[in-house]
Amino acid sequence: MPATQSHPGSTQERFREGAPRGNALALVAAMWDGFRLRCPSCRQGAIYASLTRMNPACPRCGAPFERDNEGDFLGAMVTAYSLTVVFAAVLLVLLFVLTPLPVYQQMMITAIASLLFLLVFYRNLKGVWVAVLLALLRWFP
Ligand SMILES: [Zn+2]
């Protein structure tokens, strides 16, 4: 994005104008940046200002992290839930294949580990949603 030009539009419009052509690999890289709590656009700005407070936009490049839309929050929840389900499924299969434990114990371990995963990584999972949201802004203006 040309930083020297100023545009009269909103933050989202300005960001959209400088959007590069993306592909699936770029989306995965952006999602990883979001998971690392780094701006998926410039890869350097911090998504979070403090432990619980998210920056509304990237402090470095101005990419919008939040919008005043409740559907966006729902998207963050769905992203966190989906990735936790993937984690749970992989863990359950690993326990089933690698341990002689009874099934109910495998399921208990999976349930507790999944809850901990969600609690520990919620910020990171929300960062992944930020990357998805920015990609949607770019590809479907
Ligand atoms: Zn940035």
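Residue positions are counted from 1 within each chain, in the order its sequence is given. Local features in a predicted model are, by the rule used here, given only for residues with pLDDT of at least 70; side-chain atom pairs are given and counted only at 80 or more, and totals for whole chains, interfaces and linings are based on all residues.

Undergrad: Just checking my understanding: could you explain the overall build of the protein for this structure?
TA: In terms of regular secondary structure, the protein is built from 4 helices and 0 strands. Only DSSP runs of H or I reaching four residues or more are called helices, and only runs of E reaching two or more are called strands; each is numbered from the N terminus. Helices (α) and strands (β) of the protein occur, in sequence order from the N terminus, as α-α-α-α. Contacts here follow a simple rule: the backbone-placed C-beta atoms of the two residues must lie within 7 Å. When contacts within the protein are restricted to residue pairs at least 6 apart in sequence, those whose partners lie at least 24 apart make up 52%.

Undergrad: What is the right way to look at the environment of Leu 134 in this model?
TA: As for its position among the elements, Leu 134 is in helix α4 (residues 103-139). As a rule, residues whose C-beta atom has 12 or fewer other C-beta atoms within 10 Å are exposed, those with 20 or more are buried, and those in between are partly exposed; C-beta atoms are placed from the backbone. Note on Leu 134: 26 C-beta atoms within 10 Å, which makes it buried. Along the chain, Leu 134 and Pro 64 lie 70 residues apart, while their C-alpha atoms are 7.6 Å from each other. Ignoring sequence-local partners within four residues, the contact set of Leu 134 consists of Ala 30, Pro 40, Ser 41 and Ala 63.

Undergrad: Explain the confidence of the model for the protein to me, please; I cannot follow it from the model alone.
TA: When pLDDT is low, close inspection of the predicted coordinates is not appropriate. With 80% of its residues at a pLDDT of 70 or more, the protein has an overall mean of 83. Scored from 0 to 100, pLDDT records how confident the predictor is in each individual residue. Of all helices and strands in the protein, the one with the weakest mean pLDDT is helix α1 (residues 11-17) (52), whereas α4 scores best (91).

Undergrad: What am I meant to see in helix α2 (residues 24-35) here?
TA: A turn of α-helix holds 3.6 residues, and therefore any two residues three or four places apart point the same way. Counted at 1.5 Å a residue, the expected span for α2 with its 12 residues is 16 Å, and the 16 Å between its end C-alpha atoms agrees. Turning to α2, its buried residues are Ala 30, Met 31, Asp 33, Gly 34 and Phe 35. Where α2 is buried, its residues meet α4. In the segment just after α2, Leu 37 is the residue with positive phi, at about 65 degrees. Under the convention used throughout, the expected extent of a helix is 1.5 Å for every residue step, that is, one less than its residue count.

Undergrad: Please clarify how the nonpolar core should be interpreted in this entry.
TA: As a rule of thumb, soluble globular proteins bury nonpolar side chains together. By definition, a nonpolar core groups buried Ala, Val, Leu, Ile, Met, Phe, Trp, Tyr and Cys residues that connect through C-beta atoms lying within 7 Å of each other. One finds Val 128, Trp 129, Val 130, Ala 131 and Leu 134 to be the most contacted residues of the largest nonpolar core, which totals 18 residues. Mapped by element, the contributors of at least two residues to this core are α2, α3 (70-98) and α4. Considering each element in turn, this core owes the most residues, 8 residues, to α4. Filtering out sequence-adjacent residues up to four positions away, Trp 129 remains in contact with Gly 75, Ala 76 and Thr 79.

Undergrad: When you look at unusual backbone geometry in this model, what are you seeing that I'm missing?
TA: Most of the time, phi is negative for any residue but glycine, and the peptide bond is trans. Despite not being glycine, Leu 37 has its phi angle at roughly 65 degrees, a positive value. Following the sequence through the fold, Leu 37 ends up in the loop between α2 and α3. The partly exposed category is assigned to Leu 37, around which 17 C-beta atoms lie within 10 Å. In this model, Arg 43 sits at a positive phi of 70 degrees, which is unusual for a non-glycine residue. Examined against the element boundaries, Arg 43 turns out to sit in the loop between α2 and α3. For Arg 43, a count of 14 C-beta atoms within 10 Å translates into the label partly exposed.

Undergrad: How should I be thinking about α4 in this particular structure?
TA: With 37 residues, α4 extends only 44 Å from end C-alpha to end C-alpha; this falls clearly short of the ideal 54 Å at 1.5 Å per step. The axis of α4 is deflected most strongly, by about 70 degrees, at Phe 121. Of all the residues in α4, the buried ones are Thr 110, Leu 125, Lys 126, Gly 127, Val 128, Trp 129, Val 130, Ala 131, Leu 133, Leu 134, Ala 135 and Arg 138. Two axes enter the definition of the bend at a residue: one is fitted to the seven residues ending there, the other to the seven starting there, and the bend is the angle between them.

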